[in-house]
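Architecture at a glance
Each chain, written out:
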Amino acid sequence: MIESINTYRLQHTLEESFGFSQWHYDTRNNLIVEIVDDSGAVGWGECYGPAAITQCAIDTFYAPLLMGCDPLKNEALWQHCWRASLDFAMKGPMMGAISGLDMALLDLKGKLLGVSVSELMGGRVRDEVPCYATGMYFRNQPKADLLQTILEEASGYVELGFEALKIKIGKNMLFDKELIVLMRERFPAVRLMADSNHAYDLPEAVEIGTLLAEHDYKWFEEPLSPAHPQRFRQLADKVDIPIATGECEQTRFGFQTLLQTGGVQIAQPDLAYCGGPTEALKIRTVASSLGINCVPHCWGTQLNLASAVHFLASAYVEPGRAEVSEPLLEKDLTPNPMRDEMFAVAIQAENGCVKVPTTPGLGVEPSRTVMEKFCVQKTEKKNGR
Ligand code: MG
């Protein structure tokens, strides 16, 4: 029986801001969810999105709905939350709140049953997951310096053993083109991907997509606004590179609309935002029915990272063959001490690869003492109060 649901809003001010096509980050923010049952067992989750809003949504709206419920019935509890907010919150931060609760319930369920989350997701088909490095964001530097900074950062990841790198583009067309070419010249044998975070209109996306294809990039991420799903098909008809998108999308219903356009080859649900890890399994089924693979968007702390690792560990690759191309985990390497210093049990990448945790639940555990240092607001909801 669920006895309490607590949230921790965490914040860290960065020493140096970093940016992408839409804005610059000067703080890192995370919302952590803790669900405790009457045996004292604890499940942890996190929400992607505006932390103060998801915190309020959990504390005032969803937590009271879940008090006293059986945490093993995670599917039923998801439906309970979904129906309670269907009239006004089919998408957006409320779904982000449901996602963190779902993640915490899955962690708790795994611990109560003594199995890992990948076993709850159908079982592991691989014990290790190769990663690609996410980083190489923009800094407040003149163009020549910034290009140099990005190339040096990329070299560091290659030296650490990463065989795949994703760069940020969408700054401006001239800069983007120069970066795309320079990265390929510097790293001829590395798998490269590029992410514009929905920065381009269709003619610009065609121009950049063509250049990426000429330089053997493996995917073009969020080339276009998520507001116009049909445009992805128009782009796919004009460029010869797989299109990846989905970090702004939520639920199996949203992904069905997006993927049915036929323009997206790689679906990227964020497990802390799309509706949670169990909803991500449904998104995977929708994607599978259309012959599309899911490669989660992954940002935040070890909880979202572990969720993505279990998700990929249990993923079959469409269409399947004896020697498949292994799906890649997004390993965010931008500065975040709440990911790198706050967990007593954490997932580490070695030679560009992570081992899938086999302990019950997600297999990562935050340290309460370290978490306190980053916590700017905590909420507590107890059964009966
Ligand atoms: Mg992205």
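The structure reproduced in this document is the subject of the present report. Since this is a predicted model, take the numbers as computed values, not measurements. (Residues numbered from 1 in each chain as written. Predicted model: local features only at pLDDT ≥ 70, side-chain atom pairs only at ≥ 80, totals over all residues. Heavy atoms only, no water.)

Re the overall build of the chain
- Within the chain, the regular secondary structure consists of 13 helices and 16 strands.
- Taking 21 Å as the expected radius of gyration for a compact globule of 385 residues, we find that the chain reaches 20 Å, a close match to that expectation.
- Looking at the chain residue by residue over its 385 residues, the buried ones come to 58%.
- Restricting the contact set of the chain to residue pairs at least 6 apart, pairs at least 24 apart contribute 75%.
- In the form shown here, the chain has an accessible surface area of approximately 15300 Å², with 50% of it arising from carbon and sulfur atoms. (Helix = DSSP H or I, 4+ residues; strand = E, 2+ residues; numbered from the N terminus. Rg over C-alpha atoms; globule rule 2.2 N^0.38 Å. Buried < 20%, exposed > 50% of the residue type's maximum accessible area, 1.4 Å probe, protein only. Contact = heavy atoms within 4.5 Å. Areas by Shrake-Rupley, 256 points an atom, 1.4 Å probe, with all protein chains shown as cover.)

Observations concerning the packing of helix α2 (residues 74–85) against helix α3 (residues 93–113)
- Here α2 crosses α3 at 165 degrees, and the two axes come no closer than 10 Å. Considered as vectors, α2 and α3 are oriented roughly antiparallel to each other. In this structure, α2 meets α3 at a crossing whose hand is right-handed. Residues N74, L77, W78, C81, W82 and S85 of α2 form the contact with α3, whose own contacting residues are M94, M95, I98, D102, L105, L106 and K109.
- Here the contact of α2 with α3 is built from residues that sort into nine nonpolar, two polar and two charged. (Axes fitted to C-alpha atoms, helices over the stretch in contact; angles between N-to-C directions. Parallel < 35°, antiparallel > 145°, perpendicular 65-115°, else oblique. Left-handed = near helix turned anticlockwise from the far one by under 90°. Nonpolar A, V, L, I, M, F, W, Y, C, P; charged D, E, K, R; others polar.)

Concerning the pattern of salt bridges
- The full count for this structure, using the stated rule, is 24 salt bridges.
- Here E326 ties to R126 by a salt bridge, and the two come within 2.4 Å at their closest N and O atoms. Remark: R126 occurs in the loop between α4 (117–120) and β4 (128–134) and E326 occurs in the loop between α11 (302–313) and β11 (329–332); sequence separation between them is 200 residues.
- Relative accessible area serves as the criterion here: at 33%, E326 is assigned to the partly exposed category. (Salt bridge = Lys/Arg side-chain N within 4 Å of Asp/Glu carboxyl O.)

Section: the environment of S21
- Considering the arrangement of structural elements, one finds S21 in the loop between β1 (2–19) and β2 (24–37).
- Using a relative accessible area of 19% as the deciding quantity, one classes S21 as buried.
- Spatially, the C-alpha atoms of S21 and K171 are 5.1 Å apart, while their sequence positions differ by 150 residues.
- When residues no more than four places from it in sequence are discounted, the contact partners of S21 are F138, I169, G170, S196, N197 and A199.

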